[in-house]
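Residues per chain are reported as follows:
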Amino acid sequence: MFQGFNESTIMYYKAIHKENSKKVYQDNEQLYLEGVKYPLDELYFELYNYFNGVDRDLLSNRRRCISSAYNDARFCCGTPIKEYFYVRFKLNRMNKKNALGFFFDASLDGYKYGLNIYNPDANGMNKIREYILANKHYAKRVIEDFNEACLLEIQGEKYKKEYYSKEDIILQEWLERKRISCTHEENLSPVFYEREILNHIFSAFDSVREVYFMLKEAL
């Protein structure tokens, strides 16, 4: 059962942040197991059970959902060890573009969770806009319910020029963006070390569930 993260989580990442090397990882492997791997495994199984009741298309094995300790050697640029960790449940897309998914990410800087579109492109955003414009009443209700819950924040760079100024202001917030994510971010607060963080995550995911299905249909 997931009980939150712990002091070993912080001690491990402080060591890696001080010197990012395979030797430091090996010297601190027990901290990694206690503070990262074991809690992540427990969080994965809690989220797996949750998403089993949301959309089974999101379900994937542990290896696909949980970050590894090592960075990809092709892109690590002298930092072989990850200085962050995550659990992500994403829809499996053949071309890997515009993959909708829920996430929990954390590092020494803090943690965040929510709904994201991975590897987005202009075509994906165009599909979302077209869907919203073709289903304005439904989209507005979904977005209003999401806004009222106020557990996640809509994020994503906006265009400098307004293209949809004549549309309802509720829809404009989504139509005018180059990309979209729904995210909660905060520093490492006491709840990070408690099971209570799981309830926060579940509540946030519940609040964006209809948005997820709307975006899934659009994409």
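Here, the structure is the one placed above.
Here the structure is a predicted model, which is why all the values come from computation and not from measurement.

**Q** Can you explain the nonpolar core? Please cite residues and give values.
**A** Counting residues in hydrophobic clusters, the biggest one holds 68 residues, and the most contacted among them are Phe51 and Phe104. At 10 residues, helix α3 (residues 29–52) tops the list of elements feeding residues into this core.

**Q** Can you tell me about the sheet that holds strand β5 (residues 181–186), naming the residues and giving the values?
**A** Either a parallel or an antiparallel arrangement is found when strands of a sheet pair, and the pairing is made through backbone hydrogen bonds. The strand order across the open sheet built from five strands is β1-β2-β3-β5-β4, with neighbouring strands paired in antiparallel fashion. Looking along the sheet, the strands with just one partner apiece sit at the ends: β1 (84–90) and β4 (153–155). With strand direction ignored, the average angle separating the axes of adjacent strands in the sheet is 25°. Direction of pairing for β1 relative to strand β2 (residues 99–107): antiparallel, over a ladder of seven bridges. Looking at the pairing, Phe85 lines up with Ala106 of β2. Where α3 meets the sheet, its contacts fall on β1 and β2, and the angle it forms with β1 comes to roughly 20°.

**Q** Outline the layout of surface pockets, listing residues and values.
**A** Taken as a whole, the largest pocket holds about 770 Å³ of empty space. Forming the walls of the largest pocket are 28 residues, and the residues nearest its centre are Arg63, Arg64, Tyr86, Arg88 and Lys90. Put simply, the parts of the chain that give the lining of the largest pocket at least two residues each are α3, α4 (62–65) and β1. Here the residues of the lining of the largest pocket sort into 12 nonpolar, six polar and 10 charged.

**Q** Explain a positive patch on the surface to me, and be specific about the residues and the numbers.
**A** Together, Arg63, Arg64, Lys90 and Lys96 make up a region of like positive charge exposed at the surface. For Lys90, the position within the fold is in strand β1. Judged by relative accessible area, Lys90 falls into the partly exposed class, the value being 31%.

**Q** Go over the pairing of strand β3 (residues 110–118), please, and point to the residues and values.
**A** Counting buried positions over the nine residues of β3 gives eight, a clear majority of the element. Pairing geometry for β2 and β3, over nine bridges, is antiparallel. Opposite Phe102, over in β3, you have Leu115 as the bridge partner. Hairpin connection between β2 and β3: a loop of two residues separates the two successive antiparallel strands. Direction of pairing for β3 relative to β5: antiparallel, over a ladder of six bridges.

**Q** So what's going on with the side chain of Arg177? Which residues, and what values?
**A** The topology assignment puts Arg177 in the loop between α7 (169–175) and β5. By relative accessible area, which is 7% here, Arg177 ends up buried.

**Q** Give me the lowdown on the packing of aromatic side chains, citing residues and values where you can.
**A** Per the counting criterion, the structure on display carries 30 aromatic pairs. Plain terms: the ring middles of Tyr111 and Phe192 are 5.6 Å apart, the flat faces sit at 25° to each other, and that makes the pair stacked. One end of the pair, Tyr111, is in strand β3; the other, Phe192, is in the loop between β5 and α8 (196–207), and 81 residues separate them in sequence. The pair Tyr111 / Phe192 is uniform in exposure class, with both members buried. Across the ring face of Tyr86, the terminal group of Arg88 is positioned such that the distance to the ring centre comes to 3.7 Å. We note Lys90 situated over the ring of Tyr118; from NZ or CZ to the ring centre the distance is 4.7 Å.

So, how was this worked out
Residues numbered from 1 in each chain as written. Predicted model: local features only at pLDDT ≥ 70, side-chain atom pairs only at ≥ 80, totals over all residues. Heavy atoms only, no water. Core = buried A, V, L, I, M, F, W, Y, C linked by side-chain atoms within 4.5 Å. Buried < 20%, exposed > 50% of the residue type's maximum accessible area, 1.4 Å probe, protein only. Helix = DSSP H or I, 4+ residues; strand = E, 2+ residues; numbered from the N terminus. Pairing = 2+ DSSP bridges. Axes fitted to C-alpha atoms, helices over the stretch in contact; angles between N-to-C directions. Contact = heavy atoms within 4.5 Å. 1 Å grid on protein atoms, 1.4 Å probe; cavity = no way out; pocket = protein on both sides within 12 Å on 5 of 7 lines; lining within 4 Å. Points joined across faces, edges and corners; volume = space filled by probe spheres on them. Nonpolar A, V, L, I, M, F, W, Y, C, P; charged D, E, K, R; others polar. Patch = residues over 30% accessible without salt bridge, like charges linked within 9 Å, V, L, I, M, F, W, Y side chains within 5 Å. Areas by Shrake-Rupley, 256 points an atom, 1.4 Å probe, with all protein chains shown as cover. Salt bridge = Lys/Arg side-chain N within 4 Å of Asp/Glu carboxyl O. Lys, Arg positive; Asp, Glu negative; His and termini not counted. Charge placed at Lys NZ, Arg CZ, Asp CG, Glu CD. Phe/Tyr/Trp six-rings, centres within 6.5 Å; stacked < 30°, edge-to-face > 60°. Lys NZ or Arg CZ within 6 Å of the ring centre and 35° of its normal.

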